[in-house]
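Here's the letter readout for the chains.
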Amino acid sequence: MENGVMMQYFEWNLPNDGQLWNQLKRDAKHLHDIGVTAVWIPPAYKADEQQDEGYATYDLYDLGEFDQKGTVRTKYGTKEELKAMIDELHKNHVAVYLDVVLNHKAGGDYTEKFMVVEVDPNQRNKALGEPYEIQGWTGYSFHGRKDKYSDFKWHWYHFSGTGFDDSNKRSGIFQIQGEGKAWSDGVDGENGNYDFLLCNDLDLDHPEVVAELNRWGKWVSNELNLDGMRLDAIKHMKDQFIAQFLDNVRSERGSDFYTVGEYWNGDMETLDNYVEAVGHKVNLFDVPLHFNMFQASQEEKDYDLRNILSNTLVEHHCDLAVTFVDNHDSQRGSSLESQIKDWFKPLAYGLILLMKEGYPCLFYGDYYGIKGKQSPHAKIIEILLDARRKYAYGEQIEYFDHPSTIGFIRTGDEEHPGLVFLMSNDEAGSKTMALGKEHKGEVWHEITGSIPDEVTLDDEGNGDFSVAARNLAVWVRK
């Protein structure tokens, strides 16, 4: 995984044309050529309707194979196309991580009656009244699949909560009542207890549920020959379930089966506690770094760039941090919108792709574009990917010594020559940076095209490296 780059190969607004798997298959060689070493693909199983992105999960075992919910294919294609795509990616040495949604189910096949207590959405441990009976869409028969791969049927008692009372036709948060029923421990403390997110919330304390999800995890990893998973919404899921689920899948697929979890919280202490609770078994997206970069893009020259890596995963748990600029959740119009402004995006990608720590994740929308509109960042991203592959090796010597101009040296190794990186959020700037006497007399040039001048290192191996206003600069030996 040295200098690997993951790519999130989707965004919210892809067309419902069933063509994503075919497109990605055609794109496999190109991705390898630009330096992408793994792709995170969207949920590949049947959702409650064809146009859904896959997060309103209906049947985990239906990978676009059965006529269910009015369609055989998913939004992205059929199972055959999915498998052909994965084969092509593997031929081109690109690993595949599936987006895995185990928090909830949607689109039940029939209603059932059961007892609930409605709770306060802002304080889920507080009941809004006495228990009463509702009708909920909690029965799952998967009639189109006819027990292929699994004969497990879901019922109300496999869930801890639901979001809709069909008898009264009203939405809310309804905690299901019964023996051993409670919100899970080991979830985020927001709203008192953030176990419930949406639809029918899986009861991860129920032994039948745990056994079935473990069985599915092994099945799908083998069926699709997966290299890893991206785990959705883990702040809403019992942390000990996640730890044992990964143990189970890895018992089948090997200890190097990769996983990254989405724990959407910018507080470092919360993420620290989570990492400890799951025994360091899962990587996490560096949400605090994303928020630092979002703030920097908003505040522009008033942001102190010396703090860009402060209180981030990459600072505290560099071996577990997946660094990213934006993703489908932060992009404009999404529920967690915090999209980084365009002027700062090249700087942000320069930082995550060229610094030593972190496993960077490139967003489809930033490279290909959103809603079919071409991204303005593709060219600079390709330059940075190329620089990562050729130069971003060795130790990192930081020059985080000025509020609006920061940089670092990557010293290189025996096979790679190293680089100098600078970024500015205000006027043009420069830094004298010490590369060492062994570099004396070398001529260095800037590869993004923003600085035409060259730099000749003095007898001590020092050089005066510059960066244009509100820009980045990547310097390498000529």
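Presented here is an overview of the structure given in this document. (Residues numbered from 1 in each chain as written. Predicted model: local features only at pLDDT ≥ 70, side-chain atom pairs only at ≥ 80, totals over all residues. Heavy atoms only, no water.)

**Quick notes on a negative patch on the surface**
Where like charges cluster on the molecular surface, the negative patch consists of Glu2, Asp413, Glu414 and Glu415. Secondary-structure assignment places aspartate 413 in the loop between strand 21 (405-410) and strand 22 (419-424). (Patch = residues over 30% accessible without salt bridge, like charges linked within 9 Å, V, L, I, M, F, W, Y side chains within 5 Å. Areas by Shrake-Rupley, 256 points an atom, 1.4 Å probe, with all protein chains shown as cover. Salt bridge = Lys/Arg side-chain N within 4 Å of Asp/Glu carboxyl O. Lys, Arg positive; Asp, Glu negative; His and termini not counted. Charge placed at Lys NZ, Arg CZ, Asp CG, Glu CD. Helix = DSSP H or I, 4+ residues; strand = E, 2+ residues; numbered from the N terminus.)

**Structural notes on the side chain of glutamine 8**
By the element assignment, glutamine 8 lies in strand 1 (residues 6-8). The exposure class assigned to glutamine 8 is buried, which follows from its relative accessible area of 1%. A distance of 2.8 Å separates the side chain of glutamine 8 from the side chain of histidine 328, its partner in a polar contact. (Buried < 20%, exposed > 50% of the residue type's maximum accessible area, 1.4 Å probe, protein only. Polar contact = N/O pair within 3.5 Å; in protein donor to acceptor, adjacent residues only side chain to side chain.)

**Overview of the state of the cysteines**
The full count for this structure, using the stated rule, is zero disulfides. With no disulfide of its own, cysteine 318 has cysteine 361 as its nearest cysteine by sulfur position, at a separation of 18 Å. Overall, the relative accessible area of 31% leaves cysteine 318 in the partly exposed class. (Disulfide = S-S within 2.5 Å.)

**Re the sheet that holds strand 24 (residues 443-446)**
With respect to topology, six strands assemble into an open sheet ordered 20-21-22-27-24-25, the strand pairing being antiparallel. Where the open sheet ends on each side, the last strands, each with one partner, are strand 20 (396-399) and strand 25 (455-456). Inspection of the sheet shows strand 24 paired to strand 27 (residues 472-477) by three bridges, in the antiparallel sense. The residue bridging histidine 445 from the neighbouring strand is valine 476, located in strand 27. Here helix 8 (residues 345-354) sits on the sheet in contact with strand 21, strand 22 and strand 27, set at roughly 150° to strand 22. (Pairing = 2+ DSSP bridges. Contact = heavy atoms within 4.5 Å. Axes fitted to C-alpha atoms, helices over the stretch in contact; angles between N-to-C directions.)

**Regarding the sheet that holds strand 15 (residues 283-285)**
Strand order in this closed barrel of eight strands is 1-2-5-13-14-15-16-17, and the pairing throughout is parallel. Mean inter-strand twist for the sheet, computed between neighbouring axes without regard to direction, equals 25°. One ladder, built from two bridges, connects strand 15 with strand 16 (residues 321-324); its direction is parallel. Paired with phenylalanine 285 across the bridge in strand 16 is valine 322.

**Here's the deal with the nonpolar core**
Grouped together as the largest cluster of nonpolar side chains are 128 residues, with contacts concentrated most on Val39, Trp216, Met293, Ile308 and Phe344. With seven residues, the top contributor of residues to this core is helix 8. Excluding residues within four positions of it along the chain, methionine 293 makes contact with Ile308, Phe324, Val325, Ile340, Phe344, Ala348, Leu351 and Ile352. Counting residues in hydrophobic clusters, the runner-up holds 15 residues, among them Ile451, Val455, Leu457 and Trp475. (Core = buried A, V, L, I, M, F, W, Y, C linked by side-chain atoms within 4.5 Å.)

**As for unusual backbone geometry**
A positive phi is found at phenylalanine 142, a non-glycine position, where the angle reads about 50°. With respect to the element layout, phenylalanine 142 can be found in the loop between strand 9 (132-139) and strand 10 (159-165). In the Ramachandran plot, asparagine 225 falls in the positive-phi region, its phi being about 55° despite a non-glycine side chain. Along the chain, asparagine 225 turns up in the loop between helix 3 (207-223) and strand 13 (228-231). Looking at asparagine 225, the relative accessible area reads 39%, which means it is partly exposed.

**Some thoughts on the pattern of salt bridges**
In the structure shown here, the tally under the stated rule is 33 salt bridges. For lysine 148, the salt bridge goes to glutamate 65, with nearest N and O atoms at 3.2 Å. Residue lysine 148 is found in the loop between strand 9 and strand 10, and its partner glutamate 65 is found in the loop between strand 4 (57-59) and helix 2 (79-91); the two are separated by 83 residues along the sequence. Assessed through its relative accessible area of 27%, glutamate 65 is described here as partly exposed. Between arginine 215 and glutamate 212 there is a salt bridge whose closest N-O contact spans 2.2 Å. One end of the pair is arginine 215 and the other is glutamate 212, both in helix 3 and three residues apart, which spans about a single turn. Judged by its relative accessible area of 42%, arginine 215 is partly exposed. Connected through shared salt-bridge partners, Glu65, Lys79, Lys83, Lys148 and Glu223 make up one network.

**Observations regarding the packing of helix 1 (residues 20-34) against helix 2**
One can describe the packing of helix 1 onto helix 2 by two numbers: an axis separation of 8 Å at closest approach and a directional angle of 0°. Taken as axis vectors, helix 1 and helix 2 run roughly parallel relative to one another. Residues Trp21, Asn22, Leu24, Lys25, Ala28 and Leu31 of helix 1 lie in contact with helix 2, whose contacting residues are Glu81, Leu82, Ala84, Met85, Glu88 and Leu89. (Parallel < 35°, antiparallel > 145°, perpendicular 65-115°, else oblique.)

**Thoughts on the side chain of glutamine 68**
On the secondary structure map, glutamine 68 appears in the loop between strand 4 and helix 2. Within the structure, the side chain of glutamine 68 is placed 2.8 Å from the side chain of aspartate 62, a separation counted as a polar contact. Of note is the side chain of glutamine 68, whose polar atom sits 3.4 Å from the backbone nitrogen of glycine 144. With residues near it in sequence (within four places) discarded, glutamine 68 still touches Lys46, Tyr58, Asp59, Asp62, Phe142, His143, Gly144 and Arg145.

**Considerations on the packing of aromatic side chains**
The description of an aromatic ring pair rests on the distance of the ring centres and on the angle between the ring planes. Scanning all chains against the criterion turns up 32 aromatic pairs. With a centroid separation of 5.6 Å and an interplanar angle of 80°, the aromatic rings of tryptophan 156 and tyrosine 157 are classed as edge-to-face. Under the relative-accessibility criterion, tryptophan 156 is labelled partly exposed at 25%. Note on tyrosine 157: relative accessible area 32%, which makes it partly exposed. Taking the centre distance of 5.8 Å and the plane angle of 85° together, the rings of phenylalanine 285 and phenylalanine 324 count as edge-to-face. Here the residue phenylalanine 285 occupies a position in strand 15, and phenylalanine 324 occupies one in strand 16, the gap between them amounting to 39 residues. For phenylalanine 324, a relative accessible area of 1% corresponds to the buried category. Pairwise contacts between aromatic rings join Phe10, Trp40, Trp264, Phe285, Phe291 and Phe324 into one cluster. The ring of tyrosine 58 has lysine 69 sitting right over it, with the charged end atom 4.7 Å from the ring centre. Arginine 470 extends its terminal NZ or CZ atom over the ring of tryptophan 343, reaching a point 4.1 Å from the ring centre. (Phe/Tyr/Trp six-rings, centres within 6.5 Å; stacked < 30°, edge-to-face > 60°. Lys NZ or Arg CZ within 6 Å of the ring centre and 35° of its normal.)

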